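# Structural overview
In case you want the letters, here they are:
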Amino acid sequence: MFIVSAKLSPKKAIAGVLLFGALLIAIIWLTSALKGRSAPGSEPVLAPSDAQRVEYLRSLGWEVEESPTEILEFVLPSPLNASYEEYNALQLEQNFDLVPYAGMQVKRYTYAVTNYPGYPEDVQADLYLCGDVIIAGDILYCGEEGFVGTLVYPG
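These numbers come from a predicted model, not from an experiment.

A separate point is the packing of aromatic side chains. According to the stated counting rule, one finds 9 aromatic pairs in the structure shown. Judged by centre distance (5.4 Å) and plane angle (70 degrees), the ring pair of Y119 and F147 falls under edge-to-face. Highlighted residues: Y119 in the loop between β2 (105-113) and β3 (123-130) and F147 in strand β5 (residues 147-149), separated in sequence by 28 residues. Using a relative accessible area of 23% as the deciding quantity, one classes F147 as partly exposed. Grouping aromatic residues by their ring pairs yields a cluster made of W62, Y116, Y119, Y141, F147 and Y153. Over the face of the ring belonging to Y109 we find R53, whose NZ or CZ atom lies 3.6 Å from the ring centre.

Looking at the secondary structure, you find L57 in helix α2 (residues 50-59). Sequence spacing of L57 and V113 is 56 residues, and the spatial spacing of their C-alpha atoms is 9.6 Å. When neighbours within four sequence positions are excluded, L57 is seen to be in contact with W62, V64, Y111, A125, L127 and L151.

Looking now at the side chain of R108. Secondary-structure assignment places R108 in strand β2. Looking at R108, its side chain comes within polar contact range of the side chain of E70, at 2.4 Å. Leaving out residues up to four positions away in the same chain, R108 has contacts with E70, I71, L72, F74, D126, L127 and Y128.

This brings us to helix α3 (residues 82-93). With 12 residues, α3 ought to run about 16 Å at 1.5 Å a step, and its terminal C-alpha atoms sit 17 Å apart, in line with that. Turning to α3, its buried residues are Y87, N88, L90 and Q91. Within α3, the buried residues cover an arc of 150 degrees as seen down the axis, which keeps them to one side. Facing away from the buried side of α3 by over 90 degrees, the exposed positions are A82, E85, E86 and E93. Along its buried surface, α3 packs onto β3, β4 (133-141) and β5. The positive-phi residue at the C-terminal boundary of α3 is N95, with phi of around 70 degrees.

Relative to the helices and strands, T69 resides in the loop between α2 and β1 (70-75). Here the alpha-carbon distance between T69 and Y109, two residues 40 residues apart in the chain, equals 7.8 Å. Other than its neighbours up to four places away in sequence, T69 contacts T110, Y111 and A112.

Quick notes on the rules
Throughout, a residue's number is its position along its own chain's written sequence, starting from 1. Note on the predicted model: pLDDT of at least 70 is required for a residue's local features to be given, and 80 or more for side-chain atom pairs to be given and counted; whole-chain, interface and lining totals, by contrast, use all residues. For side-chain calculations, the full set of non-hydrogen atoms in the structure is used, while hydrogens and water are omitted. Only Phe, Tyr and Trp rings are paired, with Trp represented by its six-membered ring, and only when their centres lie within 6.5 Å; those with planes under 30 degrees apart are stacked, over 60 edge-to-face, the remainder tilted. Starting at the N terminus, helices and strands are each numbered in turn, a helix being any DSSP run of H or I of at least four residues and a strand any DSSP run of E of at least two. Burial classification: accessible surface area is computed with a 1.4 Å probe over protein chains only, and a residue below 20% of its type maximum counts as buried, one above 50% as exposed, and the rest as partly exposed. Here, over-ring charges are defined by two tests on the NZ atom of lysine or the CZ atom of arginine: distance to the ring centre within 6 Å, and angle to the ring normal within 35 degrees. We call two residues in contact when some of their heavy atoms are within 4.5 Å. Counting of polar contacts relies on pairs of N or O atoms within 3.5 Å, with two restrictions inside protein: one atom must be capable of donating a hydrogen and the other of accepting it, and residues adjacent in sequence are counted only when both atoms are side-chain atoms. Working rule for helices: expected span equals 1.5 Å times residues minus one. This arc is built from the directions going out from the helix axis to the C-beta atoms.

Written as structure tokens, this is what we have:
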């Protein structure tokens, strides 16, 4: 058994406690700063207006038209059927989840995307809202070799 003892003056003890506190604050600040740059859907986003939805998409790197090209209102099936479960797998990749909204009224807002790399047209961004909260979203290419992807900007 080893015993270690140290004699600290009150000034050194206070300095040590203050240094430890400053380090702890720096770690907390850094963690919260990194959370602010996380993927879409990591925290609930309220977007009741077109301007707020467009701003959200722009914050992710997308350039979109100011007004939606389509607004569709529907009820999510409860429980989610196979096609919605497949779509929800895409949503889970970006920290969204449709399961808690099964059986609820949802609105899909579709915006024309103007800056998808390599695709100058026929790309759209879809945002799904329950009330004023964004609950899902995707980027869809409607061309010949169409695809559906997450809201994460490629590149």
